[in-house]
Structure formats: C-alpha cells, structure tokens
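# Survey of secondary and tertiary structure
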Amino acid sequence: MDRGRDRSAKRISGQEKQEKVYGVFEKVAGGYDSANVRISLGMQALWKRMLIGQAVKACGGIKGRRARILDLCTGTGDIAVGIAERLPQSRVVGMDFSPSMLRAAARKAREKDLVNVRWRRGNAMEIPVRDAFFDSVSISFGLRNCADTDRVLREIHRVLRPGGTVLCLDSFVPDSALVRPFYHLYFRHVMPLVGGGRALKEEYEWLQESTEEFLRAGELADRMRDLGFEDVKVCRRMMGACVLHTGTKTQNI
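Predicted model only: the values in this text are computed from it and were never measured.

### Some thoughts on the pairing of strand 2 (residues 91–96)
Taking burial as the measure, the 6 residues of strand 2 include 5 buried ones, the bulk of the element. The pairing of strand 1 (residues 68–72) with strand 2 spans 5 bridges and is parallel. Within the sheet, the bridge partner assigned to Asp-71 lies in strand 2 and is Gly-94. For strand 2 and strand 3 (residues 117–121), the ladder comprises 5 bridges, and the chain directions are parallel. Following the sheet pairing, Gly-94 is matched in strand 3 by Trp-119. A crossover links strand 2 with its parallel partner strand 3, the connecting element being helix 6 (residues 99–111), and its sense is right-handed.

Dropping the structure here:
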C-alpha cells in the first residue's frame, strides 16, 4: 500500500477540510496563476484548453436559446473566461467559495470586456441553483479539495439538464508503478517550494497531500457511473498526473 493510501485514514473531518481549503486558497490567490505555471512546467494552459474545447463542443450546437454553463470551483476564472470567449452567446457562471479567488476572476473578465460571464460565491456541495438548469458543468483542480466527493457529484448531476455534460479536470497520483516514484519525488519535495516558496510552502504541501488522498482516476470514473453519469470517458495527460473525466446525465438519481 502506498503512502497516499496510508494517509487516508488520517483525513480531517469534512468541516475541518472546508475551513482548511478556504484558508489555503485565500492565502494563495494572489500568486496562484503564476504558481500553477511553475508547478505544471507550463503544461496547465494546454490542459485547460483541452477542457475548454470539450465544453465548447458540448454546448456549441445548442439551438434556439443561450447555452447555460457552470464552472464550479472556478478559482481565478481561467475556464469560465475561456468558455465565455469561445461561446459569446452563452451564459457562463463561475462559482467559488473564496472571495479572493472570485475577485481575481472578475478582473480577468473585465480586462477582456466579457459581458456573458458572471461570478457567484457558492459551495460545490450545495449549489444554489434549481434542478436541471445547466447544459454543462465543469470543475478543474477543485474536486479533490471538496470535503465530500460524492455529494459534489450528486449536486452536479442535479443541476445538469438531461443530456448535459460534466467535465472534471484534476490532479491524480499516476497509476503506473514505474512513474509513481518520480511523481512523489517532485510533488512531495520540489513542488511546494516551486509553487509557494518558503512563505507558502505549507499551503502547497497541503495541496499536494490532497492529491495523494484523492481517489485514483479509475475509481473516480466508477464513482461517476454509480451516481448516474453515462458515457464516462477518461483522458490522461502527463503520464496520468492530470486527468480529464467527462460524462453525460441521462437519468435522475
């Protein structure tokens, strides 16, 4: 059993995790974008474009009305802004529970003069939206930081219309036993300093631990199927350290 699995027995409670996540992201918001570029060796922009492209594909063909798209755990808003730019006739909502992150996201939208995206504070485990409202829901590098994965997936399923698409991009421990030692070396010992320096090293160590304690990519795909999503697909990048899951809502649970 690898170290990430051993640590799962020591997980903090749901409420404690919510409070911890809130504190971490309030602290790192100012330098979050530049840190992600360093941590991912410049690859994160490509991964996000992949997610944006899939969202555009899912909603670009909607006729007769404006597509409604939710970017959950939007952070500094890269995904929401990217979708809004590509689909100017859509209605995009970027939702996060960190005010500092939302302020950074709003600045990006203003700089691009986007009028089809708005920002809303909210909890991914209790999305303040009526049932079957959105055509697509995306969540990037956020699900692993939520206190209850199943609850978030159920909420996403609830707010999606029948036929709507979920897109989840996140960090994972690679499945390959050959790759994992190099992954652990980088993400345990190098990434916290590269991402946060000495001032925020503790916050980035916690973000690294949240990845090790998260489900494996195949387990998340199975969980999505169990909770009512169909046509679930798994697209791995960076030898499985970054994975995009997609699925479709076809039934209520």
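### Concerning empty space enclosed by the protein
In total, this model carries 2 cavities of 30 Å³ or more according to the counting rule given. In this structure, the largest cavity occupies an estimated 370 Å³ of space. Looking at the largest cavity, it is lined by 30 residues, and the ones nearest its centre are Phe-25, Cys-73, Asp-96, Phe-141 and Gly-142. Among the secondary structure elements, those contributing two or more residues to the lining of the largest cavity are helix 2 (14–28), helix 3 (32–39), helix 4 (44–59), helix 5 (78–86) and strand 2. With 3 residues, the top contributor of residues to the lining of the largest cavity is helix 2. Classifying every residue of the lining of the largest cavity by side-chain character gives 14 nonpolar, 13 polar and 3 charged.

### Some details on the pattern of salt bridges
Opposite charge on two side chains allows them to pair when their charged atoms are near. In total, this model carries 14 salt bridges according to the counting rule given. Put simply, Asp-135 and Arg-65 hold a salt bridge, and the shortest N to O gap is 2.5 Å. With Asp-135 in strand 4 (residues 134–140) and Arg-65 in the loop between helix 4 and strand 1, the pair connects residues that are 70 residues apart, well separated along the chain. For the salt bridge of Lys-112 with Glu-85, the shortest nitrogen-to-oxygen distance reads 3.5 Å. In this pair, Lys-112 is assigned in the loop between helix 6 and strand 3 and Glu-85 in helix 5, connecting sequence segments 27 residues apart.

### Here's the deal with the sheet that holds strand 6 (residues 229–237)
The strand order across the open sheet formed by 7 strands is 3-2-1-4-5-7-6, and the pairing between neighbours is mixed. Looking at strand neighbours, the two that pair on one side only are strand 3 and strand 6, the edges of this open sheet. Mean inter-strand twist for the sheet, computed between neighbouring axes without regard to direction, equals 15°. The pairing of strand 4 with strand 5 (residues 160–171) spans 6 bridges and is parallel. Bridge pairing in strand 5 links Phe-134 to Leu-160.

Each value, and the rule that gives it
- Residues numbered from 1 in each chain as written.
- Predicted model: local features only at pLDDT ≥ 70, side-chain atom pairs only at ≥ 80, totals over all residues.
- Heavy atoms only, no water.
- Buried < 20%, exposed > 50% of the residue type's maximum accessible area, 1.4 Å probe, protein only.
- Helix = DSSP H or I, 4+ residues; strand = E, 2+ residues; numbered from the N terminus.
- Pairing = 2+ DSSP bridges.
- Right-handed = clockwise from strand over helix to strand, strands pointing away.
- 1 Å grid on protein atoms, 1.4 Å probe; cavity = no way out; pocket = protein on both sides within 12 Å on 5 of 7 lines; lining within 4 Å.
- Points joined across faces, edges and corners; volume = space filled by probe spheres on them.
- Nonpolar A, V, L, I, M, F, W, Y, C, P; charged D, E, K, R; others polar.
- Salt bridge = Lys/Arg side-chain N within 4 Å of Asp/Glu carboxyl O.
- Axes fitted to C-alpha atoms, helices over the stretch in contact; angles between N-to-C directions.

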